[in-house]
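The chain contents come next:
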Amino acid sequence: QVPEADRRRLRRNQRLYVEEWVLLLTELRPGLDDAGARALVHAAIGVIQSTLWYSAGLPEDRLRELLRQSALRVLTEA
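Undergrad: Outline the nonpolar core, listing residues and values.
TA: Counting 11 residues, the largest nonpolar core is built from V18, V22, L25, L32, A37, L40, V41, A44, A71, V74 and L75. Residue assignment for this core shows that the elements contributing at least two residues are helix 1 (4-28), helix 2 (34-49) and helix 3 (60-77). Of the residues forming this core, the biggest block, four residues, is contributed by helix 2. Not counting residues up to four positions away in its chain, the partners in contact with V74 are L40, A43, A44 and V47.

Undergrad: Any details on the pattern of salt bridges? Residues and values, ideally.
TA: All told, the structure shown has seven salt bridges when counted by the stated rule. Where E4 meets R7, a salt bridge forms, and the shortest distance between an N and an O atom there is 2.4 Å. One end of the pair, E4, and the other, R7, are both in helix 1, three residues apart, so they sit about a helical turn from each other. Take R7: its relative accessible area is 34%, and that puts it in the partly exposed class. On the basis of relative accessibility, which here comes to 36%, the residue E4 falls in the partly exposed class. Within this structure, E4, R7, R8 and R11 form a network of salt bridges that share partners.

Undergrad: Describe the environment of A39, and please don't skip the residues or the numbers.
TA: Locating A39 in the fold gives a position in helix 2. With 35 residues separating them along the chain, A39 and V74 place their C-alpha atoms 10.0 Å apart.

Undergrad: Talk me through a nonpolar patch on the surface; I want residue IDs and the actual numbers.
TA: Taken together, the side chains of Y17, W21 and L24 present a nonpolar region at the surface, about 320 Å² in accessible area. As for its placement among the helices and strands, L24 is situated in helix 1.

Undergrad: Before we move on, could you go through the packing of helix 1 against helix 2 and cite the residues and values that matter?
TA: With their axes 9 Å apart at the nearest point, helix 1 and helix 2 run at an angle of 120° to one another. When the axes of helix 1 and helix 2 are compared, the pair comes out oblique. As for how helix 1 packs across helix 2, the hand of that crossing is right-handed. The residues of helix 2 that touch helix 1, namely those facing Y17, V18, E19, W21, V22, L25 and T26, are D34, A37, R38, L40, V41, H42 and I45. A breakdown of the residues in the contact of helix 1 with helix 2 according to their chemical character gives nine nonpolar, two polar and three charged.

Cut-offs and rules
- Residues numbered from 1 in each chain as written.
- Predicted model: local features only at pLDDT ≥ 70, side-chain atom pairs only at ≥ 80, totals over all residues.
- Heavy atoms only, no water.
- Core = buried A, V, L, I, M, F, W, Y, C linked by side-chain atoms within 4.5 Å.
- Buried < 20%, exposed > 50% of the residue type's maximum accessible area, 1.4 Å probe, protein only.
- Helix = DSSP H or I, 4+ residues; strand = E, 2+ residues; numbered from the N terminus.
- Contact = heavy atoms within 4.5 Å.
- Salt bridge = Lys/Arg side-chain N within 4 Å of Asp/Glu carboxyl O.
- Patch = residues over 30% accessible without salt bridge, like charges linked within 9 Å, V, L, I, M, F, W, Y side chains within 5 Å.
- Areas by Shrake-Rupley, 256 points an atom, 1.4 Å probe, with all protein chains shown as cover.
- Axes fitted to C-alpha atoms, helices over the stretch in contact; angles between N-to-C directions.
- Parallel < 35°, antiparallel > 145°, perpendicular 65-115°, else oblique.
- Left-handed = near helix turned anticlockwise from the far one by under 90°.
- Nonpolar A, V, L, I, M, F, W, Y, C, P; charged D, E, K, R; others polar.

The values are spatial; any link to function lies outside them.
Spelled out as structure tokens, the structure:
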């Protein structure tokens, strides 16, 4: 239900957000190419966002730390 101009702006902002993370990740992991970094960034975002759709039954601070650790592993160990 969002107007087309707003959707375009949102998609552009999302792409820029991902590209910032790709830039940072490729600086931290020089052997990783842009496509691989982009896939890992999307995976890390997915790890975090997936919990928005269900109740984990964990205290908020515990869930936050679990998600932080999971996203960090995706970005650094894959």
